[in-house]
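For reference, the chains in residue letters:
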Amino acid sequence: SCSSSADSAIPLYGDLLARDGNTSASLRLWTEWLARAETNAAAALSPSDHDERAKRLCALSIRTRLGQGLLGSGDVQGAEREMQAAIKEAEALLGSDHPIFYEVLAHMANCCAAKGEAIASEGLYRTAVDGLQLGVDRHSATHKQLLLPTLGAYAHLVANLSWNGRSRKPEADRLLQRADELRHVYFTSRPAVALSAESIASGGEWVGLEPWYEAAFTFNFIGSFECAM
């Protein structure tokens with residue numbers, strides 16, 4: 001099942017293949033395991049079942065990676081198809097105010113940018129940035145982690161645009177500066193010592209575990225261990 005430790009590691013293994021330049025193998029892996037994850041989710045007992053939710057979140061993470069991989073390989077149409085499905089699934093599973101929903105919106109913005117649809121892309125980036133910023137204002141590490149690459153991608157888009165004949169590069173520079181400031185705050189605010197049992201039980205903040213796992217499980221074992229490292 002997709003909730004097993006072996007199956008949960010599949011998205012990360014695909015990442016390693018992609019980073020090593022083995023794009024075809026990573027795409028093949030994600031495609032095969034997305035089909036398996038969806039089959040497992042469909043076979044779950046009921047939509048309210050916790051195990052079914054975990055399986056659907058696993059499928060969402062694989063679909064998102066598949067979309068990113070397709071975009072990186074030049075298959076913009078395939079990437080857009082996967083991201084459209086991921087947006088619907090993220091909204092259904094997590095709601096439209098969850099950080100994962102905003103992350104998937106940002107990936108869709110990347111697809112639009114690759115198609116040359118600057119207006120649509122900027123609209124999606126703005127929505128994602130504004131939504132993630134709300135979480136950052138509440139001191140959420142998850143939102144900070146996801147906002148960083150979104151700001152960078154948004155800045156890259158804006159740097160190549162103009163308004164009334166004037167370059168928008170100064171605006172892009174401000175976005176990059178905002179990302180640098182956020183990066184400094186993020187890495188200097190991570191806990192340096194182990195959390196107390198009380199704070200672990202009541203907190204659940206993500207400090208290293210992938211967000212879709214934090215969304216699926218109420219107790220963040222791996223994140224808690226990382227606090228002590």
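Described below are features of the structure shown in this document. Numbering of residues starts from 1 in each chain and follows the order in which that chain's sequence is written. pLDDT decides what is reported in this predicted model: residues at 70 or higher carry local features, side-chain atom pairs at 80 or more are listed and counted, and totals for whole chains, interfaces and linings draw on all residues regardless. Side-chain metrics in this entry use all non-hydrogen atoms of the structure; hydrogen atoms and water are not considered.

## Some thoughts on the overall build of the chain
And then number 1: Secondary structure summary: the chain contains 12 helices and 2 strands in total.
And then number 2: Helix and strand assignments come from DSSP, with helices taken as H or I runs of at least 4 residues and strands as E runs of at least 2, each series counted from the N terminus. In the chain, the order of α-helices and β-strands from amino to carboxyl end is α-α-α-α-α-α-α-α-β-β-α-α-α-α.
And then number 3: Per-residue accessibility, obtained with a 1.4 Å probe over protein chains only, is compared with the maximum for each type, and a residue is labelled buried under 20%, exposed over 50%, and partly exposed between these values. Classification of the 229 residues of the chain by burial places 46% in the buried group.
And then number 4: Restricting to contacts in the chain with at least 6 residues of sequence separation, those with at least 24 account for 58%.
And then number 5: Computed with the Shrake-Rupley method and a 1.4 Å probe, the accessible areas treat only the protein chains shown as cover for residues. Accessible surface, the chain: about 12000 Å² in total, of which carbon and sulfur atoms supply 56%. Two residues form a contact once any of their heavy atoms are found within 4.5 Å.

## Considering the packing of aromatic side chains
And then number 1: Each pair of aromatic rings taken from Phe, Tyr and Trp, with Trp reduced to its six-membered ring, is defined by centres within 6.5 Å and is described as stacked if the planes are under 30 degrees apart, edge-to-face if over 60, and tilted in the remaining cases. Throughout the structure, instances matching the rule amount to 2 aromatic pairs.
And then number 2: Taking 5.9 Å as the distance between ring centres and 65° as the angle between the ring planes, the aromatic pair formed by Phe101 and Tyr102 counts as edge-to-face.
And then number 3: Using a relative accessible area of 9% as the deciding quantity, one classes Phe101 as buried.
And then number 4: Since its relative accessible area comes to 10%, Tyr102 is described here as buried.
And then number 5: Seen in terms of ring centroids, Tyr125 and Tyr154 are 5.6 Å apart; in terms of plane orientation they differ by 25°. Their pairing is stacked. Of this pair, Tyr125 sits in helix α7 (residues 118-137) while Tyr154 sits in helix α8 (residues 141-159), and the two are 29 residues apart along the sequence.
And then number 6: On the accessibility criterion, Tyr125 (2% relative accessible area) is buried.

## Quick look at the nonpolar core
And then number 1: Ranked by internal contacts, the top residues of the largest apolar core, which has 50 residues, are Leu60, Ile62, Leu105, Met108, Leu147 and Leu151.
And then number 2: Sorting the residues of this core by element identifies α3 (23-42), α4 (50-72), α5 (76-94), α6 (99-114), α7, α8 and α9 (169-189) as the ones contributing at least two each. Throughout this description, the term nonpolar core refers to a set of buried Ala, Val, Leu, Ile, Met, Phe, Trp, Tyr and Cys residues connected via side-chain atoms within 4.5 Å.

## With respect to the packing of α5 against α6
And then number 1: Only the contacting stretch of a helix is used when fitting its axis, a line to C-alpha atoms as for every element, and angles between N-to-C directions run 0 to 180 degrees. Where α5 meets α6, the axes come as close as 9 Å, and the angle between the chain directions of the two elements is 160°. Classified by the angle between their axes, α5 and α6 sit roughly antiparallel to one another. The handedness of the crossing between α5 and α6 is left-handed. Taking contact as the criterion, the partners of Val76, Ala79, Glu80, Met83, Gln84, Ala86, Ile87, Ala90, Glu91 and Leu94 in α5 are, on α6, Ile100, Phe101, Val104, Leu105, His107, Met108, Cys111 and Ala114.
And then number 2: Across the contact of α5 with α6, the residue classes break down as 14 nonpolar, 2 polar and 2 charged. What sets the label is the angle itself: under 35 degrees gives roughly parallel, over 145 gives roughly antiparallel, 65 to 115 gives roughly perpendicular, and the rest give oblique. In this scheme, a crossing is called left-handed if the near helix is turned counterclockwise away from the far one by less than a right angle; it is called right-handed if the turn is clockwise. Here the term charged refers only to Asp, Glu, Lys and Arg, the term nonpolar to Ala, Val, Leu, Ile, Met, Phe, Trp, Tyr, Cys and Pro, and the term polar to all other amino acids, Gly among them.

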